[in-house]
Amino acid sequence: MQTYKIEIETINTDYQMISVTLLQSLLWVITEGSKGALRLCTEGRSTVRGAPPQWVKHATNFSIAFKDKKLYIQSPTLQEITPELFQQNNEFPELSSERTSLDYFQDSLAIAILSSPLSNQKVEASMSNLLYDKALLEIFYGFNKVFQQGVKSIHFLNGNGIQITPDSISIFRKLISIVPFPCQIKIVGILESIRNYDRTFNLVVNDYLLKGISKNMFSKETDTMIGKEVLVIGIAYFTSIGKILRIETDKIMIPEEREKKLWKKLPLLRAETIE
Amino acid sequence: MQIYSIRIENQSADSHTISVTLLQALLSVLIEGSKGALRLRTEGRSIVRGAPPQWIKSATTFSMTFKDKQLQIGSPTLYESVPELFHETEKMEGLLPENTAIDYFQESLIAILNDEPEDHLYDKALLDLLLGFRNIFYQGVDSIHFFTDGLEINLGTTKYFKNLVDKIPPPRRVKMAGKLDDIRSNDRTFKLITTPNNVIIKGITQPMTQKEVQVLLSEEVLISGIAFYTTSGKILRIETDQISLANAHDEYEKVICEI
């Protein structure tokens, strides 16, 4: 179990009581954001219609305390809630079992703020963008409701020490507006791995690792394609700089020679420039 | 500002932190229940589709803290949150400025648990809201002790709420005759003093112009609409689709005879 400290700077002078509306808004962003950040790491998408997997719910079972304008959040580590996912055949190599969902939430939050062209601080380009998608940015935008309750800033005192202010809301809004629309795609690459648990797969295209999700369970035939060149047809979702974040597909097949040549190149959409 | 204590009995050894899921479930019942209890007293219905009036939102803007398995809820009095309610000419009858929204929630809860004849203090929608307590007991909570009156809610209580819900007769179309005693423009509620037995019935009209109101006020009228009932089968409110002047109307006589 890890404990996180969040300092809430408000215009309110009461140090012992917290507004229920403020708390509900803040907890909503933290809980949904943590679910989204976890899911993004494993599936390449933060939000899917329907209930999240049980392990994601368990990983975001937080407890809280409030004292002296500080919110204390206790979060279980992933190992504590789902040890079975990390034993033997590690189901989620993307995740570290000793970390918590809040760690992933803070990573995504920090990257969204720091990697923005509006930010003065810069992070490594390779890390940026893949830790958030449009749906997660929309959850972050929920901080807006927190600021409507007389809050001046929210300071995450653990980890990367990220501070959220009303300016951060402008960043989230800008990032949401520049994410390109999803589009139909055909792409040829090496099918590196498939995971039946959540129907995800990894595709390597020109040394670039691409995440994908199949609409249906993988067939036995798909199993035989691992390590081979495949053609994936589906919808591509993009990062805020126009790179492919994931592909949602209903077709993975062995390509014909002509198709190999045609669909070898990754599209890079030009995201709208931030002024 | 009034402070209310809610003690949560559970198996957790940690008395200083509270599960977020549990807290969200409890706050949801408390906030929505308080809104419903307030609305029931003013409009005769606890829930209406759409956002509640601003004054109800202000009256249910609570603050909280948690310590030693006790949730402390701070609630403003109605006068603190919406002083204008008690200044205007159309003030809310039945509400006391020194009371809080939680006081009315508590009053409804007591009426339900004591099986009082005061069954106009709750309706089906409010009971449905209270069934939300079940989500709290699914989080390992044994019981919740409300306020200073020692009201205890446990899983058994929620079954009792469900039984009451099942006892309420379904809404049905009615026609009634009586004297239109009062119409409030801000929430379209009215009172009808029925003919012939002089019972006061609360109702909600379709939007009306000031001129239409003036014509009907204090007159003998015929109303038709949907009646909603209490657990004992009395009419809680009527949502009308028509109010017309009786004027020795044939139908007026017929409706009175039917009553």
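None of the values given here were measured: they were computed from a predicted structure.

When the pLDDT values of chain A are averaged, the result is 86; 91% of them are 70 or greater. Averaged over each element, pLDDT in chain A is lowest for helix α4 (residues 83–86) of chain A (78) and highest for helix α7 (residues 143–147) of chain A (96).

Strand order in the open sheet formed by 6 strands is β6(A)-β5(A)-β1(A)-β4(A)-β3(A)-β2(B), and the pairing between neighbours is antiparallel. In this open sheet, the two strands that pair with only one neighbour each are β6 (163–164) of chain A together with β2 (18–19) of chain B. Pairing of strand β1 (residues 2–10) of chain A with strand β5 (residues 151–156) of chain A involves 5 bridges; the strand directions are antiparallel. Bridged to threonine 10 of chain A within β5 of chain A is valine 151 of chain A.

Our focus in this paragraph is the interface of chain A and chain B. Across the contact, 18 residues belong to chain A and 20 residues belong to chain B. Note on chain A versus chain B: buried area summed over both sides is about 1400 Å², and carbon and sulfur give 62% of it. When the buried area of chain A at its contact with chain B is split by residue, Met17, Val20 and Ile64 of chain A rank highest and sum to 38% of it. At the boundary of chain A and chain B, one finds 0 salt bridges. Connecting chain A to chain B are 5 residue pairs in polar contact (both at pLDDT 80 or more). Only β2 (18–19), α1 (20–43) and β3 (63–67) of chain A provide two or more residues apiece to the side of chain A that touches chain B. Looking at the side of chain A that touches chain B element by element, the count peaks at 7 residues for α1 of chain A. Each residue belonging to the side of chain A that touches chain B can be placed in one class, and the counts come to 10 nonpolar, 8 polar and no charged. Summarising the sheet, β2 of chain A and strand β3 (residues 63–67) of chain B pair through 2 bridges and their orientation is antiparallel.

Right, let's get into the pairing of strand β10 (residues 229–238) of chain A. Residue and element names in this part refer to chain A. Among the 10 residues that make up β10, 7 are buried, leaving the element largely enclosed by the rest of the structure. Pairing of strand β7 (residues 183–195) with β10 involves 8 bridges; the strand directions are antiparallel. When the bridges of β10 are listed, valine 188 appears paired with leucine 231. Across 8 bridges, β10 lies against strand β11 (residues 244–253) in antiparallel orientation. Bridge assignment links isoleucine 235 to a residue of β11, and that residue is glutamate 248.

Procedures and definitions
Residues numbered from 1 in each chain as written. Chains lettered and ligands numbered in written order. Predicted model: local features only at pLDDT ≥ 70, side-chain atom pairs only at ≥ 80, totals over all residues. Heavy atoms only, no water. pLDDT = per-residue confidence, 0-100. Helix = DSSP H or I, 4+ residues; strand = E, 2+ residues; numbered from the N terminus. Pairing = 2+ DSSP bridges. Contact = heavy atoms within 4.5 Å. Buried area = accessible area lost by both parts, 1.4 Å probe. Salt bridge = Lys/Arg side-chain N within 4 Å of Asp/Glu carboxyl O. Polar contact = N/O pair within 3.5 Å; in protein donor to acceptor, adjacent residues only side chain to side chain. Nonpolar A, V, L, I, M, F, W, Y, C, P; charged D, E, K, R; others polar. Buried < 20%, exposed > 50% of the residue type's maximum accessible area, 1.4 Å probe, protein only.

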